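Report on the structure
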Amino acid sequence: MKKLYVKPLRDSSKFPIKATDYAACFDVFANLSGPEKVKTFDAYNKSVTQGTFDEPIRLYSGDRVLVPTGLIVTCDIGYCIKAYARSGLAIKNGLTLINCVGIIDADYRKELFIPIVNTSMVTQTIEQGDRIAQIMVEKLDDTVIIADNLPPIESNRNGGFGHTGIK
């Protein structure tokens, strides 16, 4: 059975929630109430330190940041946690995950930070308690088969990398 274990690090930490009964993922929230400084990177890869976590995070176009959640999350061995962008945040504000899908291994035991990039042309703000990403627990299939011959498949594909060959 897939289990998500959550340990809050601060009194203000919000637990992941499913927004509806049939939601596939848990929403996770920004937790900006800590003593540390927030470090962002601008579009030119220059590190820009903002104030303490108690202040909203300002992301200019192209800026990247690790947003704290105030949580340690983990799962059972044989599973991983995947972090995804929230589609509304991405389409409405241009805020998405830097690496598209974040992978949290079962043996990771530090605070969960969400790597966000501002792809819009305007400054965006992340505030305390904003829903910033969604996570789900997924079973791993670690079977690797070394094969002289690959299993047969019927396909009309004739293109190579980056192209199916279909016009």
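Residues numbered from 1 in each chain as written. Predicted model: local features only at pLDDT ≥ 70, side-chain atom pairs only at ≥ 80, totals over all residues. Heavy atoms only, no water.

**Focus: the environment of Arg-64**
Considering the arrangement of structural elements, one finds Arg-64 in strand β6 (residues 64-68). Leaving out residues up to four positions away in the same chain, Arg-64 has contacts with Lys-39, Thr-40, Phe-41, Asp-42, Ala-43, Asn-45, Leu-59, Ile-98, Ile-116 and Val-117. (Helix = DSSP H or I, 4+ residues; strand = E, 2+ residues; numbered from the N terminus. Contact = heavy atoms within 4.5 Å.)

**Remarks on the pairing of strand β8 (residues 79-84)**
Most of β8 is tucked away: five of the six residues are buried. Bridge count between β8 and strand β13 (residues 131-139): six bridges; the pairing is antiparallel. Bridged to Ala-83 within β13 is Ile-135. With five bridges connecting them, β8 and strand β10 (residues 101-105) associate as antiparallel partners. Note that in β10 the partner of Cys-80 across the bridge is Asp-105. (Buried < 20%, exposed > 50% of the residue type's maximum accessible area, 1.4 Å probe, protein only. Pairing = 2+ DSSP bridges.)

**Observations regarding the sheet that holds β8**
A sheet is described by the order of its strands in space; here four strands give the open sequence β2-β13-β8-β10, paired in antiparallel fashion. Looking at which strands have only one partner, the edges of the open sheet turn out to be β2 (26-29) and β10. On average, each strand axis in the sheet is inclined to that of its neighbour by 35 degrees, with strand direction left out of account. (Axes fitted to C-alpha atoms, helices over the stretch in contact; angles between N-to-C directions.)

**Observations concerning the side chain of Asp-27**
Tracing the chain through its elements places Asp-27 in strand β2. A polar side-chain atom of Asp-27 sits 2.7 Å from a polar atom in the side chain of Arg-131. If near-sequence neighbours (up to four positions away) are discounted, Asp-27 is found in contact with Pro-16, Ile-17, Ala-19, Arg-86, Arg-131, Ala-133 and Gln-134. (Polar contact = N/O pair within 3.5 Å; in protein donor to acceptor, adjacent residues only side chain to side chain.)

**Regarding unusual backbone geometry**
Negative phi values dominate among residues other than glycine, just as trans dominates among peptide bonds. Even without glycine at this site, Cys-100 takes up a positive phi of about 70 degrees. Positionally, Cys-100 belongs in the loop between β9 (95-97) and β10. Classification of Cys-100 by relative accessible area gives exposed; the value is 57%.

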